[in-house]
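Descriptive structure summary
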Amino acid sequence: MMLQDIQLMARIAVSIVLEAAPFLLLGSLLSAAVERYVDTERIARRLPKGLLGRMAVGLLGGMILPICECGSVPLARRLLEKGVPPLTAITYMLAAPVINPVVLLSTYVAFSGNFKMTLARALVAACGAALTGWLCRGRLFAEFHADSIRPASLPDLKHQHSHGAQRVSADGCNHRMVLNLLSSGASEFLDMGKYLVLGALASAAFKVFLPWQLVQALAGNASLSIAVLMLLAVLLCVCSEADAFVAASFVYVPPAAQLGFMALGAMVDLKLMGMYFSAFPKKIAWPLIIIPVVCVFVLSNLLSLLMR
Amino acid sequence: MKRLLLALDGAFVFGLGLYMLLLSQAEAYGAFMNPKFRPLTAAAAVGFCLVGAAFLLRPHGKADVLRTLCFAMLAVLALHAGSGSLKGSTGFAAKPPAEVRTDPDPHVVRNGDSFLKSNPARLFLLLQTGQAVPSDQGYVTRGIVKRSAQLDRIGKFALLRGNMVCCLADAIAMGIMVSAEGLPALRDGDWLVVFGRVRLLPDPSPITDLGGTGEVPFSMVCDKAFLVAEAVEKMERPRFPYVFELPQSGKGPLRLTGGEDDF
């Protein structure tokens with residue numbers, strides 16, 4: 001291992017953290033704000049009872065609240081804790097990084113006004129998110145609504161938050177409210193941030209030491225290119241705001257492989273995998289990884305037939 | 001122990017904010033992120049300083065050794081990453097370069113011939129997306145030499161430039177094959193200025209054995225055309241080794257994106 005490679009790896013890892021950290025901080029602060037100031041229980045009671053309605057609310061939330069994948073995880077976890085139905089929260093968490101107007105516009109621009117590609121990306125991501133939410137809803141309901149999730153960590157968050165809220169109301173002091181909110185946000189960021197750091201390091205190591213010649217050779221094969229680009233999406237941890245431009249640069253591969261790269265990367269990558277295991281129990285984290293992978297692979301192959 | 005770990009956590013968040021603030025004002029930023037994101041990084045840096053300070057004043061949640069170690073590792077990585085491959089050791093001290101500059105004269109005149117400035121990534125995007133290139137148009141481009149067995153067999157080398165969209169993680173070295181006669185011995189990593197004209201390849205075949213460049217671990221070279229060099233000159237590595245081209249660059253009006261080093 002050469003010193004130059006190690007330095008490059010360090011620089012790539014730091015660049016991933018620099019890129020993702022602002023969005024993770026935003027998500028953490030939103031999560032802390034939701035915990036303290038939003039009466040989500042009341043909102044949750046007003047949500048539609050039907051599956052389609054709950055899915056639609058999750059997707060609509062993703063469209064109107066632009067947030068990167070790093071920010072959506074802590075926010076979705078908090079929404080689940082506050083009683084939002086799992087189908088809505090998970091659909092929102094997975095879809096929001098892709099189907100928001102900012103990302104769709106960047107996809108449209110990156111593919112030089114290719115509306116079909118933009119629509120296909122939104123459809124694949126929305127289907128993957130809704131399907132994952134639908135398949136995970138039972139387990140999530142049992143975990144969150146039975147109040148048994150991660151007894152070692154989350155109850156502590158709840159404990160601190162509720163006490164903080166009580167202190168706030170007792171003191172009635174604005175600056176203390178702000179201090180508590182910022183400190184809660186920092187705590188949330190630190191909890192998720194450790195997985196961001198580990199994921200960034202793993203991604204950087206893959207990027208520097210992966211035999212790219214082999215990847216290029218495999219990508220030349222039409223039947224393998226979708227799987228190869230999906231693997232790259234997981235390994236590279238590219239932000240959903242920018243991944244369309246990276247995908248569009250892969251001019252050697254068919255559009256379906258570019259689509260697979262864009263649709264999966266915002267739902268599953270190395271840093272997100274760590275965050276899922278941090279935010280959810282293993283029996284929920286694994287489906288959050290596996291279902292989108294299968295769904296995106298199948299849909300990208302199907303769409304590749306239509307896009308020929 | 002718990003108080004110490006929580007204090008360290010707060011210090012790391014505050015330190016991350018300071019690091020981002022310093023980096024956002026430094027030339028070295030371009031070795032990590034596309035300079036257009038400077039305002040975002042600076043704004044986030046202020047946020048990190050605030051939440052870090054709040055956490056130091058009022059620690060929150062449980063201490064976690066793994067968490068503290070992860071952020072300590074991030075600090076070590078940041079120190080080791082330094083100022084990247086920006087030339088010289090003053091990357092953190094120097095002021096950032098002009099990020100977007102339209103050069104009043106995009107041409108270079110050499111021996112009476114006019115050559116259009118274009119970086120290798122821009123040429124890659126222009127040619128690979130099938131844009132028509134006038135055969136009489138001369139180009140001057142600068143990049144890193146990359147050789148491979150496949151390229152040696154066809155008597156060419158690749159001229160590449162690291163192209164960053166958002167951050168270094170998404171950077172890809174892009175470029176064009178070059179053929180030249182009477183070349184000095186070239187090694188991987190040499191920086192060259194090449195004056196030449198584009199010739200389309202009748203039978204394109206992908207080059208799949210390139211690997212990385214040292215600046216960027218993944219490379220792509222245009223397989224539809226190559227540059228017939230009329231002159232090749234060795235050069236020092238430029239102060240700003242990356243470019244920030246988007247796929248539609250090949251279609252857009254002529255403009256330079258990274259200041260005077262961007263061709």
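Residues numbered from 1 in each chain as written. Chains lettered and ligands numbered in written order. Predicted model: local features only at pLDDT ≥ 70, side-chain atom pairs only at ≥ 80, totals over all residues.

Some details on the nonpolar core
If you look at the biggest cluster of nonpolar residues, it comprises 185 residues, and the most contacted ones within it are Ala13, Val17 and Ala125 of chain A together with Ile176 of chain B. If you tally residues by element for this core, the top one is helix α1 (residues 3–37) of chain A, at 18 residues. If we skip the residues at most four places from it in the chain, isoleucine 176 of chain B touches Pro120, Leu123, Phe124, Leu127, Leu159, Val221, Cys222, Phe226 and Leu227 of chain B. (Core = buried A, V, L, I, M, F, W, Y, C linked by C-beta atoms within 7 Å. Buried ≥ 20, exposed ≤ 12 C-beta atoms within 10 Å, placed from the backbone. Helix = DSSP H or I, 4+ residues; strand = E, 2+ residues; numbered from the N terminus. Contact = placed C-beta atoms within 7 Å.)

Comments concerning the interface of chain B and chain A
Contacts between chain B and chain A engage 56 residues on the former and 57 residues on the latter. Those elements that place two or more of their residues in the side of chain B that touches chain A are α1 (2–24), α2 (38–57) and α3 (65–81) of chain B. In terms of residue count, α2 of chain B provides more of the side of chain B that touches chain A than any other element does, 11 residues in total. By residue class, the composition of the side of chain B that touches chain A is 34 nonpolar, 15 polar and 7 charged. (Nonpolar A, V, L, I, M, F, W, Y, C, P; charged D, E, K, R; others polar.)

Things to note about the domain arrangement of chain B
All names here are of chain B. The assigned domain composition of chain B is domain 1 (2–81) and domain 2 (107–261). Just the C-alpha atoms count here: the centres of domain 1 and domain 2 sit 37 Å apart. Contact with domain 1, which involves 4 residues of that partner, is made by 8 residues of domain 2. Across the side of domain 1 that touches domain 2, the residue classes break down as 2 nonpolar, 2 polar and no charged. (Domains from an automatic or database assignment.)

Quick notes on the pairing of strand β4 (residues 157–163) of chain B
Residues and elements named next belong to chain B. Within β4, 7 of the 7 residues are buried, which leaves it mostly tucked inside the rest of the structure. Alternating residues of β4 divide into Phe157, Leu159, Arg161 and Asn163 and Ala158, Leu160 and Gly162, and every residue in both groups is buried. When strand β3 (residues 138–146) meets β4, the two strands line up antiparallel, connected through 3 bridges. Across the sheet, valine 145 pairs through a bridge with leucine 159, a residue of β4. Taken together, the 7 bridges between β4 and strand β5 (residues 172–179) define a ladder with antiparallel strand orientation. Bridging from a neighbouring strand, arginine 161 pairs with methionine 174 of β5. Two strands pair when backbone bridges link them, and β4 and strand β8 (residues 242–243) are joined in this way by 2 bridges, in the parallel orientation. Across the sheet, asparagine 163 pairs through a bridge with valine 243, a residue of β8. (Pairing = 2+ DSSP bridges.)

Structural notes on the confidence of the model for chain A
Scored by pLDDT, chain A has a mean of 81; 84% of the residues are at 70 or more. Per-element mean pLDDT across chain A ranges from 44 in helix α8 (residues 154–171) of chain A up to 91 in helix α5 (residues 86–99) of chain A. (pLDDT = per-residue confidence, 0-100.)

Quick word on the environment of serine 31 of chain A
Within the element layout of this structure, serine 31 of chain A appears in helix α1. Along the sequence, serine 31 of chain A and glutamate 188 of chain A sit 157 residues apart, while their C-alpha atoms lie 8.0 Å from each other.

Thoughts on unusual backbone geometry
Residues and elements named next belong to chain B. At asparagine 111, a position not held by glycine, the phi torsion is positive, near 50°. Assignment of secondary structure puts asparagine 111 in the loop between β1 (107–110) and β2 (113–117). When the 7 C-beta atoms within 10 Å are taken as the criterion, asparagine 111 is described as exposed.

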